[in-house]
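Geometric and topological summary
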Amino acid sequence: MNDSMEFIHPLYHWPPRFMWREKRHNSLKWGNTSVYLHYPFCRYLCDFCGYETRLVNGRVSKTFPVNLAQQINFLANVDDFSAANLESVFFGGGTASIIPEKAIAKILHQIDADIGDTRTAEVTLECEPGTIKRQKLLSVQKLGVSRISVCAQSFDDTVLQRSGRKHTAADALDLVDMCSEIGFQDIHVDLIYGLPGQSWASWVSTIDLLVKLPIHHVSIYKLYVYRHGKLDRAASTDPAISTMPPLDELKAMHDYAQQALQTNGFDQYTLTEYARCGHQSRYIDATFGQSDVMPIGPGAFGKCGVHLWENEPSIPGYAANSVKLPAHALELTPFEAFRRSVILGLWRLGVDLAVTAAKFGVHPSRELYTTLHQLAREGFIHLTGDVITLATEQRFNAGLVMDTLAQLPIGQWCSDAPAAESVDLLRNDTPHVRKITTLLKMARRDRELYSEIVRDPTNALMKYGVPVDTPEAVEIIAIILGAQKSIDRPLLLSSWNNVLEARRLDGDGRAAS
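1. Digging into the overall build of the protein chain
If you tally the helices and strands in the protein chain, you get 22 helices and 17 strands. The buried share among the 513 residues of the protein chain stands at 55%. Partitioning the contacts of the protein chain with sequence separation of at least 6, the portion at a separation of at least 24 is 72%.

2. A look at the confidence of the model for the protein chain
Predicted confidence across the protein chain gives a mean pLDDT of 88, with 87% of residues reaching 70 or more. Within the model, the stretch residues 508–513 combines pLDDT values under 50 with eleven contacts to residues more than four positions away or in other chains.

3. Remarks on the nonpolar core
The biggest cluster of nonpolar side chains holds 74 residues, and the ones touching the most others in it are Leu37, Phe91, Leu125, Leu210 and Ile220. Core analysis: the next-biggest nonpolar cluster, separate from the first, contains 73 residues, Phe18, Tyr36, Leu349 and Trp496 among them.

4. Here we look at the sheet that holds strand 15 (residues 350–352)
Note on sheets: strands pair through backbone hydrogen bonds, and any given pair is parallel or antiparallel. In spatial order, the strands read 15-17-16; together these three strands make up an open sheet with antiparallel pairing. Edge positions in the open sheet fall to strand 15 and strand 16 (381–384), since each of these has one partner strand only. The average undirected angle you get between the axes of adjacent strands in this sheet is 10°. Pairing between strand 16 and strand 17 (residues 387–390): four bridges, direction antiparallel. In the sheet register, Ile381 faces strand 17, and the bridge partner there is Leu390.

5. Re helix 13 (residues 353–360)
Taken together, the buried positions of helix 13 are occupied by Leu353, Thr356, Ala357 and Phe360. End-on view of helix 13: buried residues confined to an arc of 100°, all on one side of the axis. Opposite its buried face, helix 13 presents the exposed residues Val355, Ala358 and Lys359, each directed more than 90 degrees away. If you check the start of helix 13, you find a side-chain oxygen 3.1 Å away from the backbone N of Ala354, and it comes from Asp352. Within two residues after helix 13, Gly361 carries a phi angle of roughly 70°, on the positive side.

6. Looking at the packing of helix 14 (residues 366–377) against helix 15 (residues 398–406)
Packing of helix 14 against helix 15 leaves a shortest axis separation of 11 Å and a crossing angle of 160°. Here helix 15 runs roughly antiparallel to helix 14, going by the angle between their axes. Both helix 14 and helix 15 take part in a crossing whose hand is right-handed. Residues Leu368, Thr371, Leu372 and Leu375 of helix 14 form the contact with helix 15, whose own contacting residues are Leu400, Val401, Thr404 and Leu405. Partitioned by chemical class, the residues of the contact of helix 14 with helix 15 number six nonpolar, two polar and no charged.

7. Side note on the packing of aromatic side chains
In this description, an aromatic ring pair is defined by two values, namely the gap between the centres and the angle between the planes. Going through the model one piece at a time under the given rule, you end up with 17 aromatic pairs. Judged by centre distance (5.7 Å) and plane angle (55°), the rings of Tyr193 and Trp203 are tilted. Here Tyr193, found in strand 7 (residues 186–193), pairs with Trp203, found in helix 6 (residues 200–210); they are ten residues apart in sequence, far enough to count as distant. Residue class for Tyr193 comes out buried when judged on its relative accessible area of 3%. Counting every residue linked through ring pairs, the aromatic cluster contains Tyr39, Phe41, Phe64 and Tyr318. Geometry around Trp309 places Arg24 over its ring, the cationic atom sitting 4.7 Å from the centre.

8. Re the environment of Ser281
With respect to the helices and strands, Ser281 occurs in the loop between strand 10 (273–275) and helix 10 (282–288). With 194 residues separating them along the chain, Ser281 and Glu87 place their C-alpha atoms 10.0 Å apart. If sequence neighbours within four positions are ignored, Ser281 has contacts with Glu122, Arg147, His217 and Tyr269. At a separation of 3.2 Å, a polar atom in the side chain of Ser281 contacts the main-chain amide nitrogen of Tyr283.

Criteria and cut-off values
- Residues numbered from 1 in each chain as written.
- Predicted model: local features only at pLDDT ≥ 70, side-chain atom pairs only at ≥ 80, totals over all residues.
- Heavy atoms only, no water.
- Helix = DSSP H or I, 4+ residues; strand = E, 2+ residues; numbered from the N terminus.
- Buried < 20%, exposed > 50% of the residue type's maximum accessible area, 1.4 Å probe, protein only.
- Contact = heavy atoms within 4.5 Å.
- pLDDT = per-residue confidence, 0-100.
- Core = buried A, V, L, I, M, F, W, Y, C linked by side-chain atoms within 4.5 Å.
- Pairing = 2+ DSSP bridges.
- Axes fitted to C-alpha atoms, helices over the stretch in contact; angles between N-to-C directions.
- Arc of directions from axis to C-beta.
- Polar contact = N/O pair within 3.5 Å; in protein donor to acceptor, adjacent residues only side chain to side chain.
- Parallel < 35°, antiparallel > 145°, perpendicular 65-115°, else oblique.
- Left-handed = near helix turned anticlockwise from the far one by under 90°.
- Nonpolar A, V, L, I, M, F, W, Y, C, P; charged D, E, K, R; others polar.
- Phe/Tyr/Trp six-rings, centres within 6.5 Å; stacked < 30°, edge-to-face > 60°.
- Lys NZ or Arg CZ within 6 Å of the ring centre and 35° of its normal.

Okay, here's the thing in structure tokens:
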């Protein structure tokens, strides 16, 4: 590997979300079920976070949990939970640790009443160090929280400061110690490598300290720098931010953590997760496995059988529609379900093609096996019969394997599949559409970037590397200026509408008009 190679992030979603344009079905039948609750408020906004978040607002953030409980009750009434088995509940964000205790109690009570028994489920509370005290930890433990996720990111104060984090290494270590003293039997720590100004020595020191802590589960993530986001733009002017490690050092950081954790009793069971024996997260298994996931909160993603959907991403839009079925949904065909299960199944390090194909009643094609054998010859995977396993030394490059498979036309996946992709996929999934939607996603959270785009969309696209003579650019410029009469790429229109809704929430006059 060398610096000229491009890192490809692993895929979190497939098919692409622009295809999720159906209204979600009712009367879905739930089986093994996990509940994800998204609390979108934070005391500050991290430059590297891509989740739906807003600064904490006393009035809205205190009443917001009512919407979460209402959505749980609504889904319980429109779907079939007679065979549901509640496996896990995950309070995430945002900053879930600032959810009021009474709200946590209300939500868990609603789940108990409508979905399943939280007393036998894994219940995780995601915590930002410095935002939760000992007394609240004791209280949520009594309410049924059994697992604490400590979002430490680094144990180097200089790195934390450069990354815009408000907590210190001491705050994170104190939170781990408090959880251990109180008696939590599942303590998790999040770390990120590739942070601004993070040196090899800093990362090694962080990992060496990590493995000595009284914890049971670890996530190791590579920093995702959102193109055109604040961190990406600041890197061009601030030397401290721009000194991010080169790609070969990033892989070395990944590999050092992988080796150190495995040496100290943590087994890797997904691309980013490591656990001591008996401490694999049920929620993580559900996310990348075959269990159903109920999404509660704005921008949360759900799946039930072959049905996928996303909740309304904006906070006011979600609040107004929490007791309605989402309009961003997709029912997978057997071919799509097989394709998705193989691609995303690689998060769990391996997939049995024969078992997965039999589940959906499809037949893998010779072209698919040809591609897999080529990946095996290049050392990225092992192929033993029908079982694909990511090579241990190449897990850093899992995104390349996923992307290679995702680029295969549907007709090369299954011998009985349609010969070509849908026109919808071919028209919307282009490099220029991806560039534009990434730019617009950043504008949802960034007033300065939003103003730049509204003031002169043509110049803004040129500035951020989008050729303005392409059909995609012409269409989005017309949409922004209000001059577009027909829509060839609905993804562009929905992306801009999401920007307007987000900026309206933050009080921008143009967005509110």
